[in-house]
Amino acid sequence: MDEFRTYLRQNGSDDGLEAAVVDVKIERIGLDGKAVTDAVVITGLDPDLETSGSPDDDKARALAQAFADWRTSAFHERGSVRVLNPALETMTALKW
């Protein structure tokens, strides 16, 4: 989690994304002989737990993209990430 927050801080995250990250869980799984990353970013986004049209949807998508960019540039990985709200509901998902 700290490494991802550092990446966000160093790469111009000025829209509260760094502070929104509560936890990061990363699992490397093998698929057809190739390892991929399966990750979950737990956030404080969407604290009102809106079922649709959350005002934080854009931030959730930005976090997913930032996570994918970080893992690609720093670790040369491919995989998927889900960004969750405090109720552990998926706000967005991204494969890279």
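It should be noted that the structure appears before, not after, this text.
Residues numbered from 1 in each chain as written. Predicted model: local features only at pLDDT ≥ 70, side-chain atom pairs only at ≥ 80, totals over all residues. Heavy atoms only, no water.

Caption draft 1: Broad picture of the side chain of arginine 71. Secondary-structure assignment places arginine 71 in helix H3 (residues 57-75). Taking relative accessible area as the criterion, arginine 71 reaches 8% and is therefore assigned buried. Once residues lying within four places of it in the same chain are set aside, the contact partners of arginine 71 are Ile26, His76, Glu77 and Trp96. (Helix = DSSP H or I, 4+ residues; strand = E, 2+ residues; numbered from the N terminus. Buried < 20%, exposed > 50% of the residue type's maximum accessible area, 1.4 Å probe, protein only. Contact = heavy atoms within 4.5 Å.)

Caption draft 2: Structural detail: the packing of helix H1 (residues 2-10) against H3. Across the interface, H1 lies against H3 with an axial gap of 10 Å and an inter-helix angle of 100°. Between H1 and H3, the interaxial angle falls into the category roughly perpendicular. Contacts between H1 and H3 involve Glu3, Phe4, Tyr7 and Leu8 from the first element and Leu63, Ala66, Phe67, Asp69, Trp70, Ser73 and Phe75 from the second. Residues that form the contact of H1 with H3 fall into these classes: 8 nonpolar, 1 polar and 2 charged. (Axes fitted to C-alpha atoms, helices over the stretch in contact; angles between N-to-C directions. Parallel < 35°, antiparallel > 145°, perpendicular 65-115°, else oblique. Nonpolar A, V, L, I, M, F, W, Y, C, P; charged D, E, K, R; others polar.)

Caption draft 3: Main features of the nonpolar core. Residues Phe4, Leu8, Val21, Val41, Leu63 and Phe67 are the most contacted members of the largest nonpolar core, which totals 19 residues. Of all elements in the fold, only H1, helix H2 (17-20), strand S1 (21-31), strand S2 (34-43), H3 and strand S3 (79-84) reach the threshold of two or more residues within this core. When sequence neighbours within four positions are dropped, the list of residues in contact with valine 21 reads Met1, Phe4, Arg5, Leu8, Val41, Ile42 and Leu63. (Core = buried A, V, L, I, M, F, W, Y, C linked by side-chain atoms within 4.5 Å.)

Caption draft 4: Quick look at the environment of asparagine 11. Tracing the backbone through its elements, the reader meets asparagine 11 in the loop between H1 and H2. Through-space distance from the C-alpha of asparagine 11 to that of alanine 39 is 20 Å; in sequence the pair is 28 residues apart.

Caption draft 5: Examining unusual backbone geometry more closely. Unlike most non-glycine residues, aspartate 46 shows phi in positive territory, near 55°. By the element assignment, aspartate 46 lies in the loop between S2 and H3. The backbone of leucine 88 sits at a positive phi, close to 65°, despite the residue not being glycine. Along the polypeptide, leucine 88 turns up in the loop between S3 and strand S4 (90-95). Here leucine 88 falls in the exposed class, since its relative accessible area comes to 52%.

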